[in-house]
Amino acid sequence: DMRKSLAIYLQSLSDTKITEKEIFVTNGVTGALSLLMSVLGKTGLTVFAEDPTYFIALNIFKDFKMNTKPVPIQSDGLDIDNLEKQLKTIPKTERCFLYTIPIHNNPTGYSMSEKKRTQLMSLLDKYSNLVVIADEVYQHLSFDESNRYLPFADSHENCISVGSFS
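In what follows, the accompanying structure is described. Residue numbering note: each chain is counted from 1, following its sequence as written. At least 70 in pLDDT is required for a residue's local features to be given in this predicted model, at least 80 for side-chain atom pairs to be given and counted, and no such filter applies to totals for whole chains, interfaces and linings, which use all residues. In computing side-chain values, all of the structure's heavy atoms are included and hydrogens and water are not.

Here the focus is the side chain of Gln86. Along the chain, Gln86 turns up in helix 4 (residues 80-87). Any pair of residues with heavy atoms lying within 4.5 Å of one another is described as a contacting pair. In this view, Gln86 contacts Phe48, Lys69, Pro70 and Val71; residues no more than four positions away in its chain are not counted. Helix numbers and strand numbers start at the N terminus; a helix is a DSSP run of H or I with at least 4 residues, a strand a run of E with at least 2.

On to the pattern of salt bridges, then. Think of a salt bridge as a Lys or Arg side-chain nitrogen and an Asp or Glu carboxyl oxygen that are within 4 Å of each other. In total, this model carries two salt bridges according to the counting rule given. The salt bridge involving Asp76 is made with Lys116; its shortest N-O contact spans 2.8 Å. Placement of Asp76 in the loop between strand 2 (67-74) and strand 3 (77-78) and of Lys116 in helix 5 (residues 114-126) is noted, with a sequence separation of 40 residues between them. Note on classification: 1.4 Å probe, protein chains only; a residue is buried when its accessible area is under 20% of the maximum for its type, exposed when over 50%, partly exposed between these limits. For Lys116, a relative accessible area of 7% puts it in the buried group. Between Glu84 and Lys126 there is a salt bridge; the shortest N-O distance is 2.7 Å. Linking Glu84 in helix 4 with Lys126 in helix 5, this pair joins segments that are 42 residues apart in sequence. The exposure class of Lys126 is partly exposed, given its relative accessible area of 47%.

As a further point, take the side chain of Glu136. Here Glu136 shows up in the loop between strand 5 (130-135) and strand 6 (159-162). Despite being buried, Glu136 has no salt bridge partner; Arg117 is the closest side chain of opposite charge, sitting 4.5 Å away. A polar contact is formed between the side chain of Glu136 and the side chain of Ser161, at a distance of 2.6 Å. The charged-residue count follows a simple rule in which Lys and Arg add positive charge and Asp and Glu add negative charge, with His and chain termini not counted at all. Whenever a nitrogen or oxygen atom comes within 3.5 Å of another N or O atom, the pair is scored as a polar contact, on the condition that within protein one atom can donate a hydrogen and the other can accept it, and that pairs from neighbouring residues in sequence are kept only if both atoms are in side chains.

A few words now on a nonpolar patch on the surface. Candidates for patches are residues over 30% relative accessible area with no salt bridge; among them, like charges are joined within 9 Å and nonpolar side chains (Val, Leu, Ile, Met, Phe, Trp, Tyr) within 5 Å. Accessibility throughout is a Shrake-Rupley quantity obtained with a 1.4 Å probe, and a residue counts as covered only by protein chains that appear here. Taken together, the side chains of Phe24, Leu35 and Val39 present a nonpolar region at the surface, about 330 Å² in accessible area. Here Phe24 shows up in the loop between helix 1 (2-14) and helix 2 (29-40). The class of Phe24 is exposed, set by a relative accessible area of 63%.

What follows concerns the packing of helix 2 against helix 3 (residues 55-63). Between helix 2 and helix 3, the shortest axis-to-axis distance is 10 Å and the interhelical angle comes to 25°. Between helix 2 and helix 3, the interaxial angle falls into the category roughly parallel. Helix 2 and helix 3 meet at a crossing whose hand is right-handed. In contact with Thr30, Leu33, Ser34 and Met37 of helix 2, helix 3 contributes Ile56, Ala57, Ile60 and Phe61. Classifying every residue of the contact of helix 2 with helix 3 gives six nonpolar, two polar and no charged. Helix axes are fitted only over the stretch in contact, all axes being lines through C-alpha atoms; the angle between N-to-C directions runs from 0 to 180 degrees. Should an angle fall under 35 degrees it is called roughly parallel, over 145 degrees roughly antiparallel, and 65 to 115 degrees roughly perpendicular, with every other angle called oblique. Helix crossings fall into two classes, left-handed where the near helix is turned counterclockwise from the far one by less than a right angle and right-handed where it is turned clockwise. Residues are grouped as follows: Ala, Val, Leu, Ile, Met, Phe, Trp, Tyr, Cys and Pro are nonpolar; Asp, Glu, Lys and Arg are charged; all remaining types, including Gly, are polar.

Interpretation note: all reported values are geometric properties and have no functional meaning in isolation.
Rendered as C-alpha cells:
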C-alpha cells in the first residue's frame, strides 16, 4: 500500500518511527491546509503566519474567515519573542494556529535554527491552545546533509507536518 511504502521512505530520511496510520494523503500542501482548516479551524480564530510567507496559505486562511496575524521572520527563522508577545493576547481557552515553513521558507529561503525550534516547542508547552502547522514541503531539498531536521510532528503533539512530493 502506498502509505506503508511512504512511511518506510520517510523513516529512512528522518531516522524516526513513522507508521502508515500517521500519514494522510492529499493532493498537496494547499489541499492539506484547506482540509485542516475545514476540520480544525472556525471563523474568527487566529492564525499566526511568518511574514513573509507563502501567499496561497494566506488566501486559504482568509477563505475560512480566520484572523491572520503576521510574525516577522529573521535570518534564523521565526521571531519567537514576537510570537509569544502576540500569544499573550489570545485567551488560553481559544485554539490558535501557527503556520510556518521552517526549512527554506518561501519566499525568503531562511531556515529555522535549532535554538528557535527548541524555543517554539517550549512555547507549545506553555500555550497548549497553539497548534503548529509546519509546511515542510522543502524539508528534503537541502544540499547540506548536516542540516537534517526531524519533522515538526515528531517534536510535539501539537504539531502537524504537511509535505509534498510535487
